[in-house]
Amino acid sequence: MMVWMSPAFPVGGFAYSHGLEWAAEAGDLKGADDLREWLGDLLFHGGPRNDAILFRAAFLASGSGDNDGLREAAELALAFAGSRERRLETVTQGNAFVIAATSSWPCAALDRLKAAWDGDIAYPVAVAVTAAGHGLALHPALEGFLVGVVGNLVSAAVRLGVVGQTGGQQAVAALVPAVERLAALVCGMDGAAVLTLDDLGGAAFRSDISALRHETQYTRLFRS
């Protein structure tokens, strides 16, 4: 997971900000506190929460050979991309991940994914299927994926000048407990109810607006 979530793994994550670029220009993100609160809300109410649920569903379906379940997760992952750029963000990284993993980390699960679903592959589905195919355990694999997502968004914030390098690392460190709570909640650890595809949804409206308005933002560094 450390290799796959590394910035060196060729998925192009550096090109996406998940709407942070517009939020920064609009004045929503003025410093480290704003960034931590914004990303913390995303983890429990926005896209990353849905990605975590989809990750679990795809992981379990792949591990059990449930092609119908895998197709459902792959299709829903695209349906829950609420804007053109959000869809671009997840499928560009997902398709790139499948290509890189197939050539460098091949496994039968990736072959089954291609047989079960011939459309674009969302990023959480691509990583989950690969993790399941290589025998990783669900809970730590999901934690690794979510830390990678947070790290990439913090990197975008650093490049936007919202925080400096040190502040960025402090933000990641502060958000790790939230990542752990979300992964435990999705996986049903410590007696919590497991989150399934029926629990997909969100309430991070400002983030969704940011993604939509970024499409027409005049000056920008990122593709989303």
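Residues numbered from 1 in each chain as written. Predicted model: local features only at pLDDT ≥ 70, side-chain atom pairs only at ≥ 80, totals over all residues. Heavy atoms only, no water.

- Going by what an unreviewed UniProt entry lists, the protein chain is known as Urease accessory protein UreF and is assigned to Pseudoxanthobacter soli DSM 19599.
- Under the heading Subunit (unreviewed entry), UniProt records this for the protein chain: "UreD, UreF and UreG form a complex that acts as a GTP-hydrolysis-dependent molecular chaperone, activating the urease apoprotein by helping to assemble the nickel containing metallocenter of UreC. The UreE protein probably delivers the nickel."
- For the protein chain, the Subcellular location (unreviewed entry) comment in UniProt is given as "Cytoplasm". (UniProt positions renumbered as here; feature names shortened; annotations may be inferred.)

Quick look at helix 4 (residues 67-79)
Here comes step 1: In a regular helix each residue adds 1.5 Å, so 13 residues correspond to 18 Å; helix 4 covers 18 Å between its end C-alpha atoms and thus fits that length.
Here comes step 2: Looking at the buried residues of helix 4, the elements they touch are helix 3 (47-64), helix 5 (84-104), helix 6 (108-116) and helix 7 (123-133).
Here comes step 3: You can read the cap of helix 4 off the contacts: a side-chain oxygen lies 3.3 Å from the backbone nitrogen of D68, and it is on D66. (Helix = DSSP H or I, 4+ residues; strand = E, 2+ residues; numbered from the N terminus. Expected span 1.5 Å × (residues − 1). Contact = heavy atoms within 4.5 Å. Polar contact = N/O pair within 3.5 Å; in protein donor to acceptor, adjacent residues only side chain to side chain.)

Observations regarding unusual backbone geometry
Here comes step 1: Residues other than glycine seldom take positive phi values, yet H18 does so here, at roughly 55°.
Here comes step 2: Topologically, H18 is positioned in the segment before helix 1 (20-26).

Notes on the pattern of salt bridges
Here comes step 1: This model, assessed by the stated rule, comprises five salt bridges.
Here comes step 2: One salt bridge connects D28 with R206, and the closest N-O pair in it is separated by 2.7 Å. Placement of D28 in the loop between helix 1 and helix 2 (32-45) and of R206 in helix 10 (residues 205-214) is noted, with a sequence separation of 178 residues between them.
Here comes step 3: On the accessibility criterion, D28 (22% relative accessible area) is partly exposed. (Salt bridge = Lys/Arg side-chain N within 4 Å of Asp/Glu carboxyl O. Buried < 20%, exposed > 50% of the residue type's maximum accessible area, 1.4 Å probe, protein only.)

Notes on the packing of aromatic side chains
Here comes step 1: What the rule picks out here adds up to seven aromatic pairs.
Here comes step 2: Judged by centre distance (5.7 Å) and plane angle (90°), the rings of W4 and W105 are edge-to-face. Of this pair, W4 sits in the segment before helix 1 while W105 sits in the loop between helix 5 and helix 6; the two residues are 101 residues apart in sequence, bridging distant segments of the chain.
Here comes step 3: By relative accessible area, W4 is classed as buried at 4%.
Here comes step 4: Its relative accessible area of 33% is what places W105 among the partly exposed residues.
Here comes step 5: Residues Y123 and F145 carry aromatic rings whose centres are separated by 5.5 Å and whose planes lie at 55° to one another, so their mutual orientation is tilted. In this pair, Y123 sits in helix 7 while F145 sits in helix 8 (residues 138-159), placing the two residues 22 residues apart along the sequence. By the burial criterion, Y123 is buried, and F145 matches it. (Phe/Tyr/Trp six-rings, centres within 6.5 Å; stacked < 30°, edge-to-face > 60°.)

Concerning the packing of helix 3 against helix 8
Here comes step 1: Running from N to C, helix 3 and helix 8 cross one another at 145°; their axes reach a closest spacing of 11 Å. The hand of the helix 3/helix 8 crossing is right-handed. On the side of helix 3, the interface is formed by P48, D51, A52, F55, R56, F59 and L60, while helix 8 contributes L138, A141, L142, F145, L146 and V149.
Here comes step 2: Grouping the constituent residues of the contact of helix 3 with helix 8 by class yields 11 nonpolar, no polar and two charged. (Axes fitted to C-alpha atoms, helices over the stretch in contact; angles between N-to-C directions. Left-handed = near helix turned anticlockwise from the far one by under 90°. Nonpolar A, V, L, I, M, F, W, Y, C, P; charged D, E, K, R; others polar.)

As for the state of the cysteines
Here comes step 1: Applying the stated criterion across every chain, the model contains zero disulfides.
Here comes step 2: With no disulfide of its own, C107 has C187 as its nearest cysteine by sulfur position, at a separation of 19 Å. (Disulfide = S-S within 2.5 Å.)

Regarding the packing of helix 3 against helix 4
Here comes step 1: Two elements in contact, helix 3 and helix 4, have axes separated by 8 Å at closest approach and are oriented at 155°. Looking at the two axes, helix 3 sits roughly antiparallel to helix 4. Like other packed secondary-structure pairs, helix 3 and helix 4 cross with a definite hand, here left-handed. Residues L54, A57, A58 and A61 of helix 3 touch helix 4, and the partners they reach there are G69, L70, A73, L76 and A77.
Here comes step 2: Classifying every residue of the contact of helix 3 with helix 4 gives eight nonpolar, one polar and no charged. (Parallel < 35°, antiparallel > 145°, perpendicular 65-115°, else oblique.)

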